[in-house]
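# Structural features, examined
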Amino acid sequence: MKIALHWFRCDLRLSDNTALLAASKESDVVVPVFIFDPAILSAPDIGAPIVAFMIECLRSLEKNIEVAGGRLIFRHGPVVQEMSFLLRETGAQALHYNRDYEPYARERDAAVEKLAHSMGVEVCSHKDGVIHEPDEILKDDGRPYRVFTPYSHAWRARLRSAVLPAVKFARLSGFKPPKSIPLPTMKQLGFSTSICLPPAGERAGRESLGRFMAEDVLQYASRRDFPAEEGTSRLSPHIRMGTLSPRTVVAMAEKAAEAHPKMHPHAETFVKEMIWRDFYRQVLWHFPHVATSSFKPEFNELKWENDKRFFDAWCEGRTGFPLVDAGMRQLNAKGWMHNRLRMITATFLTKDLLISWQWGERYFMQKLIDADLASNNGGWQWCAGTGTDAQPYFRIFNPISQARKFDPEGVFIRRYVPEADTLAYPAPIVDHARQRLKALALYKRL
Ligand SMILES: Cc1cc2nc3c(=O)[nH]c(=O)nc-3n(C[C@H](O)[C@H](O)[C@H](O)COP(=O)(O)OP(=O)(O)OC[C@H]3O[C@@H](n4cnc5c(N)ncnc54)[C@H](O)[C@@H]3O)c2cc1C
C-alpha cells in the first residue's frame, strides 16, 4: 500500500490542484494535512483578517474532504517537527506539495525536503500557484525580465490552459489516519477581528468566479477603475488562499472571450492583471532582496520624513483628502481595497506624506484579506517609484483630481466618509502642491 501526504498551504481546494491530483494518482492513500506554522502566525506582517479568512477556508475544505471520503489532519507547531511526526505516524513514502515562491517558504520547504529525504521519503513539489513559474519566462539571454510589458508578451505566447479534475479520497481498511487537533479558533491562534468576511471556501470562490464571468467581466476594461462600481472580480482573497486556482480563473476568462467576441478586450485586460500577479512572483523569486529593500538599491538612500502623526492619520482615514480617506476606511472596514485606491493611497503616503513605502506595505499586509507578499510589495514599490519598471518617480497623483476622475459624483466617498462635506471633516493635513515639490526634490537628490 503506497501512502502519500498532501501538504496544503496556499491551495485550499480539491479541484484543479496539481499536487493533490498527483498524490492521488500515484498512491493508494492520500493523507491531507495542514500545519499552523508559528513562524508565520507570529510574523509582524500577518494580520487578523487574512487569518480569519484562512480559518473559514479551512473549515470548508475540511467538510469537502469529508464528503470526498477523506479526513483533513490539522497540526500546530514548528513545521519541520510536525512534518517529522506526520511522516513517522503515517509511514508515508511520498510527500506532495505545491511550490511557494516567497523567501521564507523557500527556506522552510528546503528544510522539510531535507528532513523527508533523511527519512527516505520521496518529495514531489509541483507547479500550481502561478500560470508560468519564475524560470519559465526568461529573456533570450536567460536572465529574468525586469520590465512588465515584454514579460507579458512572453507570458501570453506560452499560455496553454488546462484545468485539472477534482480529487476523491480512497478509504482503505487497515490504514489508520494520524491524530488531528480540531481546527483552531482565532482566539486560540491569538487573533481577533470584527471584519465581516466574504464567503470563504472553494464553492464560494467558484460561484464568485462564475458570476463575474457571466456579467461583470463584460465591462471590466471600462469599469475597473471606478471604486463605486462592482467593476472588478473581487476574487483576490480566493486566489490568495488557493480556493480558486489561477489556471481555472484564466481558463474561464479565455473561454468567455471565445464565446463572445465583444468581450475580448475585457477578458484580455482581466488576464493582464493575472499576468501582473505572476510577474511580481518572478520578481520576488529572482530578486528576493525586494522583500526587505528597494528593487533599485539607490532608492534605499531616500530620506523619508516618516512623521508618525501623518502615518496615523493615513491609517485611520483622516488625512482631509476624501478619496484617500475613503480608501483607507474601506481597507479597515472590509479587509479589501479597490486597486485604484491602493494606488492612490500608496502614492499619497510616499509622495505626499513622504513616509517610507515599507510602513505602508506592512500596514496593508496586516489589514488585507488578500495580503500577499509578492503582489503587495510589487504594488508598493511601483507606487513609490522604487520598483521594477513603470512609474517614474516624478509622476505623482493629485488626490483631488483622481477623485474627480474616478469618483466624479462622490458616490464612493460618501459611502465611507459621510462627513466629507461637513465641518466635522478635518482640513487637509498637507498642502499637495508643496509636498509634490518636496517629494521631487527628495527623489532628485539621488
Ligand atoms: C499598493 C498595492 C498593494 C497591493 N497589494 C495586493 C495584495 O496584497 N494582494 C493582492 O492580491 N493584490 C494586491 N494588489 C493588486 C491589486 O490591487 C489587487 O489584486 C486587486 O485590487 C484585487 O481585486 P480584484 O480581485 O477585484 O482584482 P481584479 O481586477 O478582478 O483582478 C483579478 C486578479 O488579478 C490579480 N491582480 C489584479 N491586479 C493585480 C496587480 N496589480 N498585481 C498583482 N496581481 C493583480 C489578483 O489576483 C486579482 O484577484 C496591490 C496593488 C497595489 C497598488
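You'll find the structure just up there.
To start, this report covers the structure provided alongside it. This one's a predicted model, so the numbers in the text were calculated from it and none came from an experiment. (Residues numbered from 1 in each chain as written. Predicted model: local features only at pLDDT ≥ 70, side-chain atom pairs only at ≥ 80, totals over all residues. Heavy atoms only, no water.)

### Side note on the environment of Ser15
Here Ser15 is to be found in the loop between strand S1 (3-8) and helix H1 (18-26). Distance from Ser15 to Thr248, taken between C-alpha atoms, is 9.3 Å for residues 233 residues apart in sequence. Of the polar contacts made by the side chain of Ser15, one reaches the side chain of Glu202; its length is 2.6 Å. Here Arg206 takes part through its side chain, which lies 3.4 Å from a polar atom of the side chain of Ser15. (Helix = DSSP H or I, 4+ residues; strand = E, 2+ residues; numbered from the N terminus. Polar contact = N/O pair within 3.5 Å; in protein donor to acceptor, adjacent residues only side chain to side chain.)

### Considering helix H17 (residues 373-384)
The terminal C-alpha atoms of H17 lie 16 Å apart, and with 12 residues this matches the ideal 16 Å at 1.5 Å per residue to within 8%. In terms of burial, H17 is largely enclosed, as 10 of its 12 residues are buried. Among all positions in H17, only Leu373, Ala374, Asn376, Asn377, Gly378, Trp380, Gln381, Trp382, Cys383 and Ala384 are buried. On its buried face, H17 sits against helix H5 (103-118), helix H12 (264-286), helix H13 (308-316), helix H15 (339-352), helix H16 (357-367) and helix H20 (432-444). (Expected span 1.5 Å × (residues − 1). Buried < 20%, exposed > 50% of the residue type's maximum accessible area, 1.4 Å probe, protein only. Contact = heavy atoms within 4.5 Å.)

### Some remarks on the site of the ligand
Residues in close proximity to the ligand total 28 residues, the closest being Tyr220, Thr232, Ser233, Arg234 and Asn339. At 2.6 Å from an oxygen atom of the ligand is found a main-chain nitrogen or oxygen belonging to Arg234. Between a nitrogen atom of the ligand and a main-chain N or O atom of Asp370, the distance comes to 2.9 Å. Calculation on the ligand without its partners gives an accessible area of 810 Å², and the protein chains cover 95% of this total. Counting residues per element, the shell around the ligand draws most heavily on H12, which supplies six residues. When the residues that make up the shell around the ligand are grouped by side-chain class, the tally is 15 nonpolar, seven polar and six charged. (Near = heavy atom within 4 Å. Areas by Shrake-Rupley, 256 points an atom, 1.4 Å probe, with all protein chains shown as cover. Nonpolar A, V, L, I, M, F, W, Y, C, P; charged D, E, K, R; others polar.)

### Comments concerning the packing of H13 against H16
The contact between H13 and H16 brings their axes to 12 Å, and the two run at 35°. You can see that H13 and H16 cross each other, and the crossing is right-handed. Facing H13, whose interface residues are Lys308, Phe311, Trp314 and Cys315, H16 presents Trp359, Gly360, Tyr363 and Phe364. Along the lines of polarity and charge, the residues of the contact of H13 with H16 split into six nonpolar, one polar and one charged. (Axes fitted to C-alpha atoms, helices over the stretch in contact; angles between N-to-C directions. Left-handed = near helix turned anticlockwise from the far one by under 90°.)

### Re the pattern of salt bridges
Counted by the stated rule, this structure contains 25 salt bridges. With a closest N to O distance of 2.8 Å, Asp109 and Arg9 form a salt bridge. Of this pair, Asp109 sits in helix H5 while Arg9 sits in the loop between S1 and H1, and the two are 100 residues apart along the sequence. With a shortest N-O distance of 3.1 Å, Glu56 and Arg59 are connected by a salt bridge. Here Glu56 pairs with Arg59, and both are found in helix H3 (residues 48-67), just three residues apart, close to one helical turn. For Arg59, a relative accessible area of 37% gives the class partly exposed. Linked through salt bridges whose partners overlap, the residues forming this network are Arg13, Asp16, Asp128 and Arg247. (Salt bridge = Lys/Arg side-chain N within 4 Å of Asp/Glu carboxyl O.)

### Points about the sheet that holds strand S3 (residues 73-76)
Here we have five strands laid out as an open sheet, ordered S3-S2-S1-S4-S5, and parallel in their pairing. The two strands at the open ends of the sheet, each matched to only one other strand, are S3 and strand S5 (122-126). With direction set aside, neighbouring strand axes in the sheet form an average angle of 25°. As judged from the three bridges shared by S1 and strand S4 (residues 94-98), these two strands associate in the parallel manner. Paired with Ala4 across the two strands is Ala94, which belongs to S4. Taken strand by strand, H1 contacts S1, strand S2 (29-36), S4 and S5, and its axis lies near 155° from that of S4. Across the face of the sheet, helix H4 (residues 79-90) comes into contact with S1, S2, S3 and S4 while running at roughly 155° to S1. (Pairing = 2+ DSSP bridges.)

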